[in-house]
Amino acid sequence: MNTATQQDAALDAKPGGPEQVRRSEPFGNVSTYGRLIAPAVARPVAVFEVITGMALAVAIAWLLRPGDPLLIGLGFPWMWLVALVMALRYGALLGVVAGLVLAAVWYGLYGLHGEPFPAMFFVGGFTMIVVGGHFCDIWSNRATRARGINTYLNDRLVAITNNHYLLRVSHERLERDLLTKPSTMRDAITRLRELTASDEASAAGEPLPNAQPMLEFAALTCQIEVASVFPVRLGRLVPTAVACVGEAFTPVESDPLVQTCLREGTLAHVRDDVTVGEGSAYIVCAPLTDTQGNLNGMLIVRRMSFLALNHDNLQLLLVLLAYYADGVAQRGVVASVRDEVPSVPYDFALELGRLARMKRQSGIQSSLVALVFPRGASGDSLFEQTVRSRRALDALWIQSTPRQQIAIALMPITDENGIDGYLIRIENALRQQYGLDFQTGHVAVHSASVDERAPGDGLSKLLERCGDHA
């Protein structure tokens, strides 16, 4: 694995890489004036802004033409153009409010003098702002749904990038020193995830739960001799360590490496900047940053093996800490599902919680599909074929009992029509391969939408329906 490729993978895997930059601007590259004219989110003071804006426009027109403040006699409805801007900015409802302001102005400045009501002037104006506001509402809803889907796909991309980097590192290290490693990389990540998702740590409300076993494992894997983990709150380093290996020490927040890590949120070490490293008492300062870019803590290393201070080992340490920090940020999501279904795998519970949040925020529906296969030669063959036919984006949970096998597929961004298409494709594959369909193969099919409020409860009810066939 060459150095350039490693650096690219590490940059993508780091929470502060290009993916995080793209996530920081969910509304695209919009200028300041563009956000002023067409804000991405309606504010609670929108009604006040509409009334004030229309009143200001009428006041300016009154200064220019005191006898015709609504500019009715100019041949073009300029004031309705202002109302149309309000409708395109805030939607049809507030566009009508802007039109009502113009109607009130006409009754106050024209109607009291006995002038006839310009019916077509106002009918045409209200029609224009309703049509324009309706288009605003439609595209706002589409943009909200698109942002929700993009946010979910970005989260998946970060996870896939980290997994890809870990896979490459694990293969290289496996070739070099397989016999000296106490466990595989897959076991390491599984252990870190299970630690941060434990119910005891969540209930205790610790800022960095199970940091001590995490640090011990990282020290064993990366050959660290003396190090401590310190929480970070509001951009400041908390001097009390939550975990340590070797001799305990009190951190110096003014240390150059510590300040570089706090300021930039990236790994800092003595080989990275010789000038900074000469004035530092530490060797490595590594951030505990989750995928949202939040700096939750810092690992400060005072002593480690000289040969371990290399690019591969430091990047491995950074990825391990990133996985731990992600688990800390996500333990509430996983715990909400595991409270109802304790046996659900970590990855499946996390994915279910993410999809429930996406549905709650953006209204994008996702689905659960459970296929129950009877035990036996025929049922096992159908089950294996179904598992091989799953979609790449789906998360799959397999449960086996002496009498049946259950394959539960979590299908992101999939509604009832998508479920029907998925089941038809699976059934056609079984019919072509074995000449059996769901009915003749005694395969029970259950489906449910992801519950945006209680995803764990929805999964539990689906499992109960599957148990009825036991």
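Residues numbered from 1 in each chain as written. Predicted model: local features only at pLDDT ≥ 70, side-chain atom pairs only at ≥ 80, totals over all residues. Heavy atoms only, no water.

(A) Quick look at the overall build of the chain. Along the backbone of the chain there are 17 helices and 10 strands. The proportion of buried residues among the 470 residues of the chain is 45%. In the chain, the share of contacts with a sequence separation of at least 24, taken over all contacts with a separation of at least 6, comes to 68%. Carbon and sulfur atoms make up 58% of the accessible area of the chain, which totals about 23900 Å². (Helix = DSSP H or I, 4+ residues; strand = E, 2+ residues; numbered from the N terminus. Buried < 20%, exposed > 50% of the residue type's maximum accessible area, 1.4 Å probe, protein only. Contact = heavy atoms within 4.5 Å. Areas by Shrake-Rupley, 256 points an atom, 1.4 Å probe, with all protein chains shown as cover.)

(B) Spatial organisation of the UniProt feature "transmembrane region" (unreviewed entry) in the chain. UniProt's entry tags residues 45-64, 70-88, 93-113 and 119-139 with the feature "transmembrane region" (unreviewed entry), counted in the numbering of this structure. For the annotated span residues 45-64, helix accounts for 95% and strand for 0% of the residues, and the straight-line distance between the end C-alpha atoms is 29 Å. Split by type, residues 70-88 is 58% helix and 0% strand. Its first and last C-alpha atoms lie 20 Å apart. (UniProt positions renumbered as here; feature names shortened; annotations may be inferred.)

(C) Region of interest: the nonpolar core. Ranked by internal contacts, the top residues of the largest apolar core, which has 36 residues, are Ile-224, Val-229, Val-284, Leu-288, Leu-299 and Met-304. Broken down by element, this core gets its largest block of residues, 11 residues, from helix H13 (residues 311-338). Once residues within four sequence positions are removed from consideration, Leu-299 is found in contact with Leu-215, Ile-224, Ala-227, Ser-228, Val-229, Val-284, Cys-285, Ala-286, Leu-288, Leu-317 and Leu-321. Ranked by size, the runner-up nonpolar core spans 28 residues in total, among them Tyr-152, Val-334, Val-337 and Ile-364. (Core = buried A, V, L, I, M, F, W, Y, C linked by side-chain atoms within 4.5 Å.)

(D) Up close: a nonpolar patch on the surface. Residues Leu-74, Phe-76, Trp-78 and Leu-81 make up a contiguous nonpolar surface patch of about 370 Å² in total accessible area. Inspection of the secondary structure assignment puts Phe-76 in the loop between helix H4 (46-64) and helix H5 (78-90). Given the relative accessible area of 39%, Phe-76 is considered partly exposed. (Patch = residues over 30% accessible without salt bridge, like charges linked within 9 Å, V, L, I, M, F, W, Y side chains within 5 Å. Salt bridge = Lys/Arg side-chain N within 4 Å of Asp/Glu carboxyl O.)

(E) Looking closely at the pairing of strand E6 (residues 295-304). Counted residue by residue, E6 has seven buried out of 10 residues, so it is predominantly covered. In terms of strand pairing, strand E1 (residues 224-233) meets E6 through seven bridges, oriented antiparallel. Within the sheet, the bridge partner assigned to Ile-224 lies in E6 and is Met-304. Taken together, the six bridges between strand E5 (residues 284-289) and E6 define a ladder with antiparallel strand orientation. Pairing of Pro-287 across the sheet is with Met-298, part of E6. (Pairing = 2+ DSSP bridges.)

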